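Chains, contacts and geometry: an overview
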Amino acid sequence: MKNQNTQDDCCSEVVVHEELLKIVNEMMPEETELYDLAELFKVFGDSTRIRILFVLFEAEVCVCDLAAALHMTQSAISHQLRILKQNKLVKSRREGKSVFYSLADDHVRSIIAQGREHIEEDNF
């Protein structure tokens, strides 16, 4: 006996809608762009990096401040900041012996805001 969910997830007969398929294929981004987008979203898949971004929503801070705020070592914070910086989500500037970090641009705030909005929906 088939699982009801499996039956609901599949068509009962195979029919390819050629016109729709043509539109989809024309609109589909290049494979490299899809890969880059998937890699970007992987960066958001780590709660420590999300916590760092939330701190940076409030202020430009140095690694020492981030480590204290998140109760982590500077080494662990630096590792995560390197990943965020490589993915153009944060930027840094040196002031004397300190390096201060901030959000790279407002897109970061928008991505997180839309993610929060999505998980708070009651539609399911």
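The paragraphs below set out a description of the structure included in this document. Source: prediction; values computed, not measured.

**Comments concerning the pattern of salt bridges**
Any two side chains of opposite charge can pair, given that their charged atoms come close. Evaluation of the coordinates by the stated rule reveals three salt bridges. Salt-bridge contacts for Arg93 lead to Glu95; the nearest nitrogen and oxygen are separated by 2.7 Å. Among the charged side chains, a salt-bridge network with shared partners connects Glu60, Arg93 and Glu95.

**Notes on a nonpolar patch on the surface**
A cluster of nonpolar side chains, contributed by Val14, Val16 and Leu21, occupies part of the molecular surface with about 310 Å² of accessible area. Within the secondary structure, Val14 is located in the loop between α1 (4-9) and α2 (18-27). With a relative accessible area of 82%, Val14 lands in the exposed category.

**A word on the layout of surface pockets**
Leftover empty space is mapped by rolling, across the atoms, a probe with the size of a water molecule. Approximately 160 Å³ is the volume attributed to the largest pocket. The wall of the largest pocket is formed by Phe41, Phe44, Ile50, Phe54, Ile111, Ile112, Gly115, Arg116 and Ile119. Of all the secondary-structure elements, those providing two or more residues to the lining of the largest pocket are α4 (47-58) and α7 (106-119). The greatest single-element share of the lining of the largest pocket, amounting to five residues, is contributed by α7. Tallied by class, residues from the lining of the largest pocket come to seven nonpolar, one polar and one charged.

**Brief notes about unusual backbone geometry**
For His71, which is not glycine, the phi torsion reads 55 degrees and is therefore positive. Here His71 is to be found in the loop between α5 (63-70) and α6 (74-86). Although it is not a glycine, Lys88 adopts a positive phi angle of roughly 60 degrees.

How each quantity is defined
Residues numbered from 1 in each chain as written. Predicted model: local features only at pLDDT ≥ 70, side-chain atom pairs only at ≥ 80, totals over all residues. Heavy atoms only, no water. Salt bridge = Lys/Arg side-chain N within 4 Å of Asp/Glu carboxyl O. Patch = residues over 30% accessible without salt bridge, like charges linked within 9 Å, V, L, I, M, F, W, Y side chains within 5 Å. Areas by Shrake-Rupley, 256 points an atom, 1.4 Å probe, with all protein chains shown as cover. Helix = DSSP H or I, 4+ residues; strand = E, 2+ residues; numbered from the N terminus. Buried < 20%, exposed > 50% of the residue type's maximum accessible area, 1.4 Å probe, protein only. 1 Å grid on protein atoms, 1.4 Å probe; cavity = no way out; pocket = protein on both sides within 12 Å on 5 of 7 lines; lining within 4 Å. Points joined across faces, edges and corners; volume = space filled by probe spheres on them. Nonpolar A, V, L, I, M, F, W, Y, C, P; charged D, E, K, R; others polar.

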